[in-house]
Amino acid sequence: MSTVTTMKCACESCLCVIEIEKAIKKNGKNYCSQNCADGHPNGNGCGHAGCECG
Ligand SMILES: [Zn+2]
Ligand SMILES: [Zn+2]
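My aim in this report is to walk through the structure given alongside it, one point at a time. Quick caveat, the model's predicted, so the values are computed rather than measured. (Residues numbered from 1 in each chain as written. Chains lettered and ligands numbered in written order. Predicted model: local features only at pLDDT ≥ 70, side-chain atom pairs only at ≥ 80, totals over all residues. Heavy atoms only, no water.)

**Digging into the coordination of the zinc ion (ligand 1)**
Between any two of four tetrahedral donors, the ideal angle at the metal is 109.5 degrees; between two of six octahedral donors, it is 90 or 180 degrees. Definition in use: Coordination shells were defined by N, O and S atoms within 2.8 Å of each metal, extended to 3.2 Å for Na, K and Ca; water is absent from the atom set, which can make sites look incomplete. Only four donors with every angle between 85 and 135 degrees are called tetrahedral; only four or six donors with opposite donors over 155 degrees apart and all others between 65 and 115 are called square planar or octahedral, in that order; all others are irregular. Secondary structure elements follow DSSP: runs of H or I no shorter than four residues count as helices, runs of E no shorter than two count as strands, and numbering proceeds from the N terminus. Working definition: with a 1.4 Å probe on protein chains only, accessible area under 20% of the residue-type maximum means buried, over 50% means exposed, and in between means partly exposed.
The coordination sphere of the zinc ion (ligand 1), as far as protein atoms go, consists of C14 (SG), C16 (SG), C46 (SG) and C51 (SG), spread over 2.2 to 2.6 Å. Coordination at the zinc ion (ligand 1) comes from 4 donor atoms whose angles at the metal span 91 to 146°, giving a geometry best classed as irregular. Site description for the zinc ion (ligand 1): donor spacing in sequence, C-x1-C-x29-C-x4-C. Between the zinc ion (ligand 1) and the zinc ion (ligand 2) there is a metal-metal distance of 4.7 Å. With C14 in the loop between β1 (6-8) and β2 (17-19) and C46 in the segment after α1 (34-37), this pair connects stretches of sequence that are 32 residues apart. The burial state of C14 is the same as that of C46; both residues are buried.

Next up, the structure:
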């Protein structure tokens with residue numbers, strides 16, 4: 001079992017690619033951060049380098 005499954009964060013403007021195992025799950029989607037999962041309620045991005053979502 002060495003398969004690492006990754007996918008893009010479900011946040012539209014997010015560029016992050018995340019490991020599904022470590023993703024924040026919400027409504028069946030996978031997000032890179034709690035901010036993304038919550039829809040950026042405070043306008044804060046995920047805080048990951050190079051990502052300007054939020
Ligand atoms: Zn991001
Ligand atoms: Zn985001």
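**Things to note about the pattern of salt bridges**
Let me state the cut-off plainly: Any Lys or Arg side-chain nitrogen located within 4 Å of an Asp or Glu carboxyl oxygen qualifies as a salt bridge.
Evaluation of the coordinates by the stated rule reveals 2 salt bridges. One salt bridge connects K22 with E19, and the closest N-O pair in it is separated by 3.8 Å. Overall, the relative accessible area of 30% leaves E19 in the partly exposed class. Among the ionic pairs, K26 bridges to D38, the shortest N-O distance being 3.2 Å. Linking K26 in strand β3 (residues 24-26) with D38 in the segment after α1, this pair joins segments that are 12 residues apart in sequence.

Read these as geometric descriptors, not functional statements.
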